[in-house]
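Working through the structure, step by step
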Amino acid sequence: MKMKVNWTKQDGSSVTTEVATGTNMMEAAIAGNITGVIGECGGNLSCATCHVVVDPEWADKTGEVGDFEDAMLDATEAERTLTSRLSCQIIADDALDGLHLIVPSI
C-alpha cells in the first residue's frame, strides 16, 4: 500500500510523493529527489543529515523522539525546532497518509 507525503523543499516549493508503507521518510526523500535530505549514514541514526521539520498538525502522529534521536537532533546544521525529527525515524503507515514534512534551510 502507498501513502502520500507532502514536502516543502528548501526553496519553498512543494511536492507530493507516494511512499510505500514501511518505508522511512529518509528513503522516501532520497527516492523522491527531495533536496536537502541526504542521509549520509543510510538511516543508521548516526548522523543528522536527514533532519526535517514535521508540520505541527502532524507532530503527534509521527511518534515520540527517542533519546538517541534527541541527541542527534542537537547536531543538525539547520536550527532545531519543537517538531524537528530525523526522517529516518519516521516510518510510513496508513495513519500518516497526507503527512507534511518541511526540509529546513541551512
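This text goes with the structure placed above it.
All of the points below concern the structure found in this document. (Residues numbered from 1 in each chain as written. Predicted model: local features only at pLDDT ≥ 70, side-chain atom pairs only at ≥ 80, totals over all residues. Heavy atoms only, no water.)

**Notes on the sheet that holds strand β5 (residues 99-102)**
In space, the five strands of this open sheet follow the order β2-β1-β5-β3-β4, with mixed pairing throughout. Strand pairing shows two members of the sheet lacking a second neighbour, β2 (14-20) and β4 (84-86), which therefore form its edges. The average undirected angle you get between the axes of adjacent strands in this sheet is 40°. Relative to β5, strand β1 (residues 2-8) runs parallel, the two being bridged by four bridges. The partner of Trp7 across the bridge, within β5, is Leu101. (Pairing = 2+ DSSP bridges. Helix = DSSP H or I, 4+ residues; strand = E, 2+ residues; numbered from the N terminus. Axes fitted to C-alpha atoms, helices over the stretch in contact; angles between N-to-C directions.)

**Observations regarding the nonpolar core**
Within the largest apolar cluster, 27 residues are counted, with the highest numbers of intra-cluster contacts made by Trp7, Met25, Leu99 and Leu101. Looking at this core, the elements that each hand over two or more residues are β1, α1 (25-31), β3 (51-54), α2 (67-73) and β5. Beyond its immediate stretch of four places on either side in the chain, Leu99 contacts Met3, Lys4, Val5, Asn6, Met25, Val54, Trp58, Thr62 and Ile90. (Core = buried A, V, L, I, M, F, W, Y, C linked by side-chain atoms within 4.5 Å. Buried < 20%, exposed > 50% of the residue type's maximum accessible area, 1.4 Å probe, protein only. Contact = heavy atoms within 4.5 Å.)

**As for the packing of aromatic side chains**
Under the criterion given, the structure shown has zero aromatic pairs. The lysine or arginine in question, Lys61, covers the ring of Trp58, its NZ or CZ lying 4.7 Å from the ring centre. (Phe/Tyr/Trp six-rings, centres within 6.5 Å; stacked < 30°, edge-to-face > 60°. Lys NZ or Arg CZ within 6 Å of the ring centre and 35° of its normal.)

**Details of the layout of surface pockets**
By volume, the largest pocket is sized at about 200 Å³. Residue composition of the lining of the largest pocket, by class: seven nonpolar, five polar and two charged. (1 Å grid on protein atoms, 1.4 Å probe; cavity = no way out; pocket = protein on both sides within 12 Å on 5 of 7 lines; lining within 4 Å. Points joined across faces, edges and corners; volume = space filled by probe spheres on them. Nonpolar A, V, L, I, M, F, W, Y, C, P; charged D, E, K, R; others polar.)

**Comments concerning the environment of Met26**
With respect to the helices, strands and loops of the structure, Met26 is situated in helix α1. Judged by relative accessible area, which is 4%, Met26 ranks as buried. Expressed as a C-alpha distance, the spacing of Met26 and Gly39, which sit 13 residues apart in the sequence, is 6.4 Å. Not counting residues up to four positions away in its chain, the partners in contact with Met26 are Val37, Gly39, Gly42, Gly43, Cys50, Ser87 and Cys88.

**Details of the side chain of Thr8**
On the secondary structure map, Thr8 appears in strand β1. A residue is classified by how much of its surface remains accessible, and Thr8, at 17% relative accessible area, is buried. Sequence-distant contacts of Thr8, defined by excluding residues within four places in its chain, comprise Ser13, Ser14, His100, Leu101, Ile102 and Val103.

Purely spatial values, then, with no claim about function.
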